[in-house]
Amino acid sequence: MTPPPPPGPQLLGPLLAQLRLARGWSQLRVAAELCAASGAPTLSRHEVSRWERQLRVPGEFWLGWLAVVLAVPADLLATAAARTRSLGPPPAFGGSRPRAALLALAQRWLADPRAVLLPGTPTRPAVGGDGTGPVRLAELRRLDDLVGGADLAGLGAYRLRRAVRALSGCAPSARPRLLPELAESAQLAGWLAADAGDAAGALDAYRLALRAAATAGDPSLAGHVLGSASHLLTGVGDPEGALVLARTAYAGARRSASPGLRALLLHRVALAAALGGRAGAARQALDAARRMTDAPEPDREPPWLYWLDGPELAAMTGRALVALGRPLPAEAPLHAVRRRGPRTSAIYGGWLARGYLQLGEVERACAVAGEALLDAVRAGSPRAVGQLAEVRRRLAGHGDEPAVRRHRALAAAAAPYLPRPGPPPGPVGRRARTWRAARRPPGAATGSTPTG
């Protein structure tokens, strides 16, 4: 008997894969059953694969026959299809396939973490890696506090390649120790790629990180990976996809997560919901995050969350409040974190400028946006530049006021010095080799994968 799907709304791709695997069928078998039942001989396993990867959503005809073949209520598939369509087309960043693949993988992880394990890897509890190598993970994380993704993304990709090669070439007994290092390396590489404006590369890295964290038996780290990916999607104009990932992250990690991580994931939910026009859901998530913690305790948080503290959470609240159209209570916390470094100042300065525009304070908005623009030059963060581009778009609606003209002139003067989005140039930034190597079962030959 086919087991019932997990409770709660689902996306169609993971649901179809779960129902198929519960019957022990291949995609070819599903296609053959559909052809036999419907009398339409033209459906191939490739189309079933596209449905499961959410590159396409079947129409009413095939949804009906899928319900017959898989012996499930038609309403179940129709609801999942409607939810998948509600995500809309992906934003135009060239990452439609990585986006669809990560959304599907996240739902599979929530339904059953064992469904997303790295192939050929033991599933014993991990004892943790030491992050050794030319650049330790802890050092690279702290470099990210000072230097933007335009300069660090290549180093993150290099560090990830080393982790992939270490796992691929080690003895089976050493794999549980190296899995956490691979998961953390992939999460950090994804974060740096996102900050560099390489959204597709970041989503590829997050997919690898999710598999590695699941194989290591670390749902907290897996939740952090999906929360990071949610943050990326909010930044590229995909709040619906971001909300799915944030809710999936919280649902899958909340039992094992520290108070600070639970609060962080709730803030990811709040921002995505606010940007997607779901004010009630955003306020509910903010209230839950406040109840969780106001100031995370370092000794209760994982090492990779060292940067999260009370002022940072307060600034995240301020950002969500601006997205909800409530700028007054957002002003103080957004001001407070702008002395923490150029990238933080640039990103939160952009949100503060948007808040001033909501209040009709055009001159103050231009002043803050100008300071943030100079910080973006110092930071080397295309992500920060993208935030400020949205501010300039909103300033354009305020006509030819002197403050707006001055800001426009400043933006034109700064343009040659702003970091450009995209993958880093040169061999270090060629992510395709890294991800191909990472998809090999551990222990397989590494071929021409560069050694760094």
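Calculation rules
- Residues numbered from 1 in each chain as written.
- Predicted model: local features only at pLDDT ≥ 70, side-chain atom pairs only at ≥ 80, totals over all residues.
- Heavy atoms only, no water.
- Core = buried A, V, L, I, M, F, W, Y, C linked by side-chain atoms within 4.5 Å.
- Buried < 20%, exposed > 50% of the residue type's maximum accessible area, 1.4 Å probe, protein only.
- Helix = DSSP H or I, 4+ residues; strand = E, 2+ residues; numbered from the N terminus.
- Contact = heavy atoms within 4.5 Å.
- Salt bridge = Lys/Arg side-chain N within 4 Å of Asp/Glu carboxyl O.

A. Expanded view of the nonpolar core. Counting residues in each nonpolar core, the largest one holds 106 residues, and the members touching the most others are Leu102, Leu182, Tyr206, Leu210, Leu226, Leu245 and Leu334. With eleven residues, the top contributor of residues to this core is helix 13 (residues 259–275). Setting aside anything within four residues of it in sequence, one finds Leu334 in contact with Ala315, Gly318, Arg319, Val322, Tyr348, Trp351 and Leu352. In this structure, Trp25, Cys35, Val48 and Leu63 belong to the second largest nonpolar core, which totals 23 residues.

B. Representation of the environment of Arg283 within the structure. By the secondary structure assignment, Arg283 is in helix 14 (residues 279–292). The exposure class of Arg283 is partly exposed, given its relative accessible area of 41%. Separated by 34 residues in the primary sequence, Arg283 and Thr317 place their C-alpha atoms 9.9 Å from one another.

C. The pattern of salt bridges, seen in detail. Considering all chains together, one arrives at 22 salt bridges under this definition. Ionic pairing is found between Arg338 and Glu371, a salt bridge with its closest N-O pair at 3.0 Å. With Arg338 in the loop between helix 16 (331–336) and helix 17 (342–358) and Glu371 in helix 18 (residues 362–379), the pair connects residues that are 33 residues apart, well separated along the chain. Its relative accessible area of 13% is what places Arg338 among the buried residues. You can call Glu371 partly exposed: its relative accessible area is 42%.

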